[in-house]
Each structure stands twice: as C-alpha cells, then as structure tokens.
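# Observations on the model geometry
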Amino acid sequence: MTDQMKELKIDPEFEQVIPPLTKDEYHQLEENILADGKIMMPIALWGDTIVDGHNRYRIACEHGDIPYTTTQLDFDNRHEAVAWICKNQLGRRNLSDEQRVYLLGKRYAAEKQIEKLRDESGRFVPCGQNDPQGEANESRRTSERIAKEIGKSEKYVRRAEEYANGLDAADEITPGTKDKVLSGELKVPQKDIILIGKYTKKLPYGYSNGGIEPKYQTIIYDKEQTRKQIFGGFVGTISMFQSYIMDDFSRHPLMLSDSEMRACVREVWQDVKAFSAFVESELDKADQADLESVQSLDAQES
C-alpha cells in the first residue's frame, strides 16, 4: 500500500547491520528510481520502523515527490527483526566475503538470543534465571542449524560471530572502520578483526553504574579482570594502524616506487618514530619509578 503521509522511522541498529552502498551504488540506485518515477520495490516495515529499504526511503525523502509502497512484517522482538534483516541481505548476489561473514555473524548472534527467549514448545517466555549450561546448548543448537542450512561447519558460523563482534569493536575504536572494511576500501586480515573483538568491550569489567548520571559514574578497575580488555584495545589500535599503512601502500604504489614520494613518506614517518621514542621513554620512566619505590621501602626497613 502507498503510505507517504506518515514519516517512517530509521532504527540505527537495524540500519547498521546492512552493508553500506558505495557512492557509485547509491548514485546508480538514485538514477534508476528517478528514471522509473517511483520506487518499484516496497519498503519493508515493522510498525513504523524500516527493516529494509533505508536507501530507497532516503532518496524518496530527498526528492520529495517520489511515490513508494510499504509492506508490513511481524516480529516478536528486535532479535527477530535483526535476524530477518541479515537473512534478507544474505540473499543478495553482490556481497563481498567480508559482508557475507559479517551478516552471518550478526544473524547467528541474533538467533542465539531468540532461542534464549523460547521454551521447549517454541513459545516465547519471559527471561528467567541465567543457565550457563542451557545457554551453551542453545548456542550449539543454533550454530548446528545455521551450519547445516548454509552448508558450512559450526566453527565457521561461530567464527563469523567473532568477526562481526570484532568489526563492531574496531568501529568503536576508529569510527568509520566497519564501512571501509565492508566496502573493500580497507583490507584487514580476519584474524586481526577477531582479535579486537575478543578483548575489546564497550565498558571495562568492573564498571559500576547504579543509575548515576554518566558524568558522575565511577569506573572500578580490577587488575586481573581488566587486563585483557585493556590489552585487547591497545592491540586493536596498533593492528588497525598497521592495516591502514599497508592499505595506503597497496592503493598508492608510488609511495614506495617513486623517490620523491619515498622522501615524503620518510619525512612523515619521523613523527611516528618520535612518538615511538616517547612511548619507550614513558615506559622507562615508569620502570624507574617502580625501582626507586622498591629501593625506598628497602631503605626504610633497614
């Protein structure tokens, strides 16, 4: 049905699951729509919220008089909506390997959550007490089912979730990274993306909220619990830096083959070397401070 009197809602979580169009792809879609004089494919909705057709809707809004139709989908919860979005996108033929793995990982994560909300008869039930063993079994059943459906191994499915988590985490470290990786603009080894996701979290372990305003919240660090999280974020940052540099070399061969360009690279690289020396100096200062502290305590005891 045509329903352009009502403003549709764009949910950031739903939209961010969908691999972004390149500028050329978006421009081509816009040209096709303008040539047709209308949007041929209905925009899929859950209530007033778009679950498929974000780009089509934006083009319609930009041009004002482009007619479109909508179709309603029914979900019991947001996890079902995300799972549907992923499965729908996975049906596209022009997906890159990175996009396909990311979507599979997000689908698996969503469907695991759906399974947690169902009872043995398949009906949705309120969340009860945590059951680690039960959650592990549900995860295994979900990965088995998806693996069988797509003709891959369970390990492949679980690794896809790790990749999706890592790419989301990398995007938090450096906003825009996810779009660059999924569009092919930035090439990062899958193992490096997974490493970031394993150790980088939105909030450190030991974070205490208690309903306090964010500017007054206190972060309580437990050394053993936070070590991996902090180390993971650091490793992730260094890994992304290395990937960006290698990507620049790959996309701009003149940086290495042209003598004048190499001279420019060396000049810029002096800043990196200076910063590296600064980090080494700070570590040495900290080591020296520890040593002096121990020596001071020894002197007091003697």
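Just so it is clear, the model here is predicted, and its values are computed rather than measured.

To continue, consider the pairing of strand 2 (residues 49-52). Two strands pair when backbone bridges link them, and strand 1 (residues 43-46) and strand 2 are joined in this way by three bridges, in the antiparallel orientation. Following the sheet pairing, Leu 45 is matched in strand 2 by Ile 50. Turn length for the strand 1-strand 2 hairpin, with the two strands adjacent in sequence and antiparallel, is two residues, and the turn residue Gly 47 shows positive phi of about 70 degrees.

On to the nonpolar core, then. Of all hydrophobic cores here, the largest spans 21 residues; its most connected members are Tyr 102, Tyr 163, Leu 167, Val 181, Val 188 and Met 240. Put simply, the parts of the chain that give this core at least two residues each are helix 5 (97-116), helix 6 (132-150), helix 7 (154-173), helix 8 (177-183) and helix 9 (190-199). Top contributing element to this core by residue count: helix 7, with seven residues. Setting aside residues up to four positions removed in sequence, Met 240 forms contacts with Ala 170, Thr 177, Leu 186, Val 188 and Ile 196. Ranked by size, the runner-up nonpolar core spans 16 residues in total, among them Ala 81, Val 82, Ala 83 and Leu 95.

So, about the pattern of salt bridges. Under the criterion given, the structure shown has 14 salt bridges. Across the salt bridge formed by Arg 78 and Glu 13, the nearest N and O atoms sit 2.5 Å from each other. Here Glu 13 lies in helix 1 (residues 12-17) and Arg 78 lies in helix 4 (residues 78-90), a separation of 65 residues in the sequence. The partner of Lys 106 in a salt bridge is Asp 168, and the shortest N-O contact between them spans 2.9 Å. Remark: Asp 168 occurs in helix 7 and Lys 106 occurs in helix 5; sequence separation between them is 62 residues. Look at the salt bridges and you will find they share partners, linking Arg 107, Glu 111, Arg 145 and Glu 149 into a network.

The geometry of an aromatic ring pair is captured by the separation of the ring centres together with the interplanar angle, meaning the angle of the planes. Inspection of every chain in the model, using the stated rule, returns six aromatic pairs. On the numbers, 6.3 Å between centres and 55 degrees between planes, the contact of Phe 75 with Trp 84 is tilted. Taking the relative accessible area as the measure of exposure, Phe 75 reaches 11% and is therefore buried. A relative accessible area of 27% places Trp 84 in the partly exposed class. By the ring-pair criterion, three or more aromatic residues cluster together here, those being Phe 14, Trp 46, Phe 75 and Trp 84.

Let us now look at a nonpolar patch on the surface. A cluster of nonpolar side chains, contributed by Phe 275, Phe 278, Val 279 and Leu 283, occupies part of the molecular surface with about 380 Å² of accessible area. The topology assignment puts Val 279 in helix 12 (residues 259-301). Classification of Val 279 by relative accessible area gives partly exposed; the value is 31%.

Segments scoring low in pLDDT should not have their predicted coordinates read at a detailed level. Predicted confidence across the protein chain gives a mean pLDDT of 81, with 78% of residues reaching 70 or more. Low confidence marks residues 126-130, where pLDDT is under 50. Its contacts with residues over four positions away, or in another chain, come to two contacts. Confidence over residues 202-221 falls short of pLDDT 50; this stretch has 17 contacts with residues more than four positions distant or in other chains.

Definitions and limits used
Residues numbered from 1 in each chain as written. Predicted model: local features only at pLDDT ≥ 70, side-chain atom pairs only at ≥ 80, totals over all residues. Heavy atoms only, no water. Pairing = 2+ DSSP bridges. Helix = DSSP H or I, 4+ residues; strand = E, 2+ residues; numbered from the N terminus. Core = buried A, V, L, I, M, F, W, Y, C linked by side-chain atoms within 4.5 Å. Buried < 20%, exposed > 50% of the residue type's maximum accessible area, 1.4 Å probe, protein only. Contact = heavy atoms within 4.5 Å. Salt bridge = Lys/Arg side-chain N within 4 Å of Asp/Glu carboxyl O. Phe/Tyr/Trp six-rings, centres within 6.5 Å; stacked < 30°, edge-to-face > 60°. Patch = residues over 30% accessible without salt bridge, like charges linked within 9 Å, V, L, I, M, F, W, Y side chains within 5 Å. Areas by Shrake-Rupley, 256 points an atom, 1.4 Å probe, with all protein chains shown as cover. pLDDT = per-residue confidence, 0-100.

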